[in-house]
Amino acid sequence: MRVLLRVVLWLAAPAAVALTVIVVYGFIQFAHAIDHPEDSFSGWQCAAESGTCGP
């Protein structure tokens, strides 16, 4: 039982690190999209009333 717990912990640790990296990378991409709407804004980020994502 102790060996199984140790294996699970050693597998969970890199998975947690990978998840953290993915979330941080996604946040950085989103922040870039907010700062540079002309580069990569998608439709759901554009407010229809404000015209922030013009033609």
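Calculation rules
- Residues numbered from 1 in each chain as written.
- Predicted model: local features only at pLDDT ≥ 70, side-chain atom pairs only at ≥ 80, totals over all residues.
- Heavy atoms only, no water.
- Helix = DSSP H or I, 4+ residues; strand = E, 2+ residues; numbered from the N terminus.
- Buried < 20%, exposed > 50% of the residue type's maximum accessible area, 1.4 Å probe, protein only.
- Areas by Shrake-Rupley, 256 points an atom, 1.4 Å probe, with all protein chains shown as cover.
- Expected span 1.5 Å × (residues − 1).
- Patch = residues over 30% accessible without salt bridge, like charges linked within 9 Å, V, L, I, M, F, W, Y side chains within 5 Å.
- Salt bridge = Lys/Arg side-chain N within 4 Å of Asp/Glu carboxyl O.

Caption draft 1: Local environment of the overall build of the protein chain. Each helix and strand counted, the protein chain has two helices and zero strands in total. By the burial criterion, 4% of the 55 residues in the protein chain qualify as buried. Approximately 5000 Å² of the protein chain is accessible, and the part contributed by carbon and sulfur atoms is 73%.

Caption draft 2: Structural view of helix 1 (residues 2-35). Taking 1.5 Å as the rise per residue, helix 1 with 34 residues should run 50 Å; its terminal C-alpha atoms sit 50 Å apart, in good agreement. In terms of burial, helix 1 is largely open, as just one of its 34 residues are buried.

Caption draft 3: Local environment of a nonpolar patch on the surface. On the surface, M1, L4 and V8 cluster together to form a nonpolar patch covering roughly 370 Å² of accessible area. Its place among the elements puts M1 in the segment before helix 1. The exposure class of M1 is exposed, given its relative accessible area of 82%.

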